[in-house]
Amino acid sequence: MRKRMMLFAVVIALFTGSILAATPPSAALLEDATSYAAQVGVSVDEAVRRLQLQREIGDLDAALSTEESATYAGLWIDDERGYRVVVRFTDPAAEARLRARIAGGALRDLVDVRPARWSLVELQQRRNDARGHARAAKVRTNSDINVRENRVELYVLDPAKLNAAKARIPDGVVIQRVSRLADGEALTGGRRISTCTSGFTVQAPNGELGVATAGHCDNTQYYQGILLPFRRERNDNDHDVQWHSGCDLMQVTNQFESGFGLRSVVGTRHRNNQAEGTYVCKYGRTTGRTCGWIESRNYDLDLFPNPFDGNFIRVDGRGTNLSEPGDSGGPWFVENVAYGIHHGYPADDQDSIYMAINYISGIGVSVLTSNPGVCNLLPTANFTAGGGRLDGATSFNGSTSSDPDGYIVRWDWSFGDGTTGVSTTPYITHRYP
């Protein structure tokens with residue numbers, strides 16, 4: 001009887017597994033997997049498997065960055081020699097904790113652990129020190145944290161200037177000469193706008209809808225001949241983003257151009273959860289749909305003196321040109337998930353840089369992840385006035401004012417004699433001279 005029950009349990013397990021295995025991937029995932037398969041030379045099925053694993057790998061990266069910060073030196077996906085996840089620690093004891101974390105999961109047989117001299121925290125500090133010395137020497141730099149080589153790379157046009165200024169460069173920092181430094185493309189994504197590409201559609205806390213693009217693009221942008229009112233931008237530290245309103249001008253949805261047609265955004269991916277080696281795609285007005293692998297998420301433009309670490313995402317196209325003028329602002333994505341806003345190219349090659357999508361909060365908006373219907377419409381002001389009070393004051397009643405898609409929280413009054421008033425109820429009185 002026991003043998004029959006065991007056999008029955010095995011049959012149930014196999015049957016359940018066949019149901020799970022037969023679950024088809026989404027159309028968006030198949031499109032991305034087809035691009036990946038063509039670039040890497042694997043089957044589409046294998047590409048689907050790898051792209052599905054990227055989410056779990058990114059989550060592991062974020063968890064280790066927080067829970068093992070004292071020893072964690074980063075990870076990356078190595079798909080050029082099979083498919084492995086390489087993790088580095090400064091403390092050998094961390095490997096046992098990692099193995100226990102992934103035991104029984106999809107990554108249990110995919111992870112290789114390697115030693116490192118510096119943790120990510122230590123590299124970030126060394127990068128800050130090196131940038132400070134370079135600024136003191138009046139030498140402009142770009143910089144990056146190379147997780148694979150466990151070092152900071154400081155890019156300069158003329159290393160001799162650093163030497164002449166006797167700049168103290170910490171251990172773990174390598175100086176590299178480049179022929180050009182990264183600058184914002186003064187041109188521009190998903191849809192063609194005046195000089196750039198529109199990124200993801202966004203929503204402000206008051207319900208106003210619009211579209212984001214790169215902060216270094218012109219503040220005057222037209223879409224199909226319609227001026228999009230500029231709202232706000234940030235082009236400093238870890239930000240290169242602005243947004244423009246589309247309310248009362250046109251319909252605004254949560255869709256973006258993927259190169260295979262429109263997709264609807266259903267979520268966003270924080271920078272901390274975008275593991276190095278992740279395969280990502282973008283759409284720009286000039287180069288169209290191009291895809292590559294996250295090389296680093298620590299790229300620093302150093303356009304402004306600041307104490308912050310560089311957190312731009314650098315993407316390696318492995319020979320594919322990922323950026324040209326006009327692409328700025330375009331959406332970076334995997335499936336239906338927003339990853340970032342396109343910035344441009346890094347120092348000295350045809351790779352690409354984008355701002356991680358979570359930094360869009362710096363301009364007070366969020367990515368639109370559902371179809372909202374209509375924009376937040378302006379309220380209509382209306383009131384009545386009456387006299388006859390014993391104190392000679394005139395009473396005003398603004399209760400007939402209305403907001404078609406919300407409610408009124410404040411009434412601002414102008415009484416016509418050069419004086420004004422504010423009330424949080426529809427009623428106010430005013431004494432005229």
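Now for a look at the structure at hand. From a predicted model like this one, the values you see are computed outputs, not experimental measurements. (Residues numbered from 1 in each chain as written. Predicted model: local features only at pLDDT ≥ 70, side-chain atom pairs only at ≥ 80, totals over all residues. Heavy atoms only, no water.)

Another aspect to go through is the sheet that holds strand β3 (residues 111-115). Strand pairing in a sheet is mediated by backbone hydrogen bonds. Such pairs are either parallel or antiparallel. What the three strands build is an open sheet, ordered β1-β2-β3; its pairing is mixed. Either end of the sheet is taken by a strand with one partner, and the two such strands are β1 (72-78) and β3. On average, each strand axis in the sheet is tilted by 20° relative to the strand beside it, whichever way the strands run. Taken together, the five bridges between β1 and strand β2 (residues 84-89) define a ladder with antiparallel strand orientation. Of the residues in β2, the one forming a bridge with W76 is V86. (Pairing = 2+ DSSP bridges. Helix = DSSP H or I, 4+ residues; strand = E, 2+ residues; numbered from the N terminus. Axes fitted to C-alpha atoms, helices over the stretch in contact; angles between N-to-C directions.)

Let us now look at the packing of helix α2 (residues 27-40) against helix α3 (residues 44-67). It is the contact of α2 with α3, at a shortest axis distance of 8 Å, that shows an interaxial angle of 110°. Relative to α3, the element α2 is oriented roughly perpendicular. α3 is crossed by α2, and the crossing has right-handed handedness. Packed against α2, whose contacting residues are L29, L30, D32, A33, T34, Y36, A37 and V40, the element α3 presents V44, A47, V48, R50, L51 and Q52 at the interface. A breakdown of the residues in the contact of α2 with α3 according to their chemical character gives ten nonpolar, two polar and two charged. (Parallel < 35°, antiparallel > 145°, perpendicular 65-115°, else oblique. Left-handed = near helix turned anticlockwise from the far one by under 90°. Contact = heavy atoms within 4.5 Å. Nonpolar A, V, L, I, M, F, W, Y, C, P; charged D, E, K, R; others polar.)

Looking now at the sheet that holds strand β4 (residues 142-146). A sheet is described by the order of its strands in space; here three strands give the open sequence β4-β5-β6, paired in mixed fashion. The open sheet has two free edges, formed respectively by β4 and β6 (173-177), since each of these has just one partner strand. The mean inter-strand angle of the sheet, taken between neighbouring strand axes irrespective of direction, is 25°. The pairing of strand β5 (residues 151-156) with β6 spans five bridges and is parallel.

Counted by the stated rule, this structure contains 24 salt bridges. Salt-bridge contacts for E46 lead to R50; the nearest nitrogen and oxygen are separated by 2.8 Å. Taken as a pair, E46 and R50 lie in helix α3 at a separation of four residues, close to a single helical turn. Overall, R50 belongs to the buried group, its relative accessible area being 7%. Notably, a salt bridge pairs R97 with E68, separated by 2.7 Å at the nearest N-O pair. Taken together, the residues R97 in helix α4 (residues 94-102) and E68 in the loop between α3 and β1 connect sequence positions 29 residues apart. Within this structure, E31, D32, R263 and R289 form a network of salt bridges that share partners. (Salt bridge = Lys/Arg side-chain N within 4 Å of Asp/Glu carboxyl O. Buried < 20%, exposed > 50% of the residue type's maximum accessible area, 1.4 Å probe, protein only.)

Right, let's get into unusual backbone geometry. Glycine aside, residues mostly have negative phi angles, and peptide bonds mostly take the trans form. A positive phi angle, near 55°, is found at N150, a position not held by glycine. Position of N150 among the secondary structure elements: in the loop between β4 and β5. Even without being a glycine, R318 presents a positive backbone phi close to 50°. Looking at the element boundaries, R318 is found in the loop between β18 (312-316) and β19 (331-334). By relative accessible area, R318 is classed as partly exposed at 33%.

What follows is about α3. Under the 1.5 Å per step criterion, the end-to-end length of α3 is 35 Å for 24 residues, consistent within 8% with the ideal 34 Å. Its axis deflected by about 25° at Q54, α3 carries its strongest bend there. (Expected span 1.5 Å × (residues − 1). Bend = angle between axes of the 7 residues up to and from the residue.)

A few words on the state of the cysteines. According to the stated counting rule, one finds two disulfides in the structure shown. A sulfur-sulfur separation of 2.0 Å characterises the disulfide bridge that pairs C196 with C217. The disulfide joining C196 to C217 has a torsion of about -105° about its S-S bond and is therefore left-handed. One end of the pair, C196, is in the loop between β6 and β7 (201-203); the other, C217, is in the loop between β8 (209-213) and β9 (221-223), with 21 residues separating them in the sequence. Looking at C196, the relative accessible area reads 0%, which means it is buried. Exposure remark for C217: the relative accessible area of 3% places this residue in the buried category. A sulfur-sulfur distance of 2.1 Å marks the disulfide that ties C281 to C291. Across the disulfide from C281 to C291, rotation about the S-S bond amounts to roughly 105°, and the bridge is consequently right-handed. (Disulfide = S-S within 2.5 Å.)

Another aspect to go through is the pairing of strand β24 (residues 394-397). The alternating pattern of β24 places T394 and F396 on a buried face, while none of S395 and N397, on the opposite face, is buried. Examined bridge by bridge, strand β23 (residues 384-386) and β24 share three bridges and lie antiparallel to one another. In the sheet register, G386 faces β24, and the bridge partner there is S395. Taken together, the four bridges between β24 and strand β27 (residues 427-430) define a ladder with antiparallel strand orientation.

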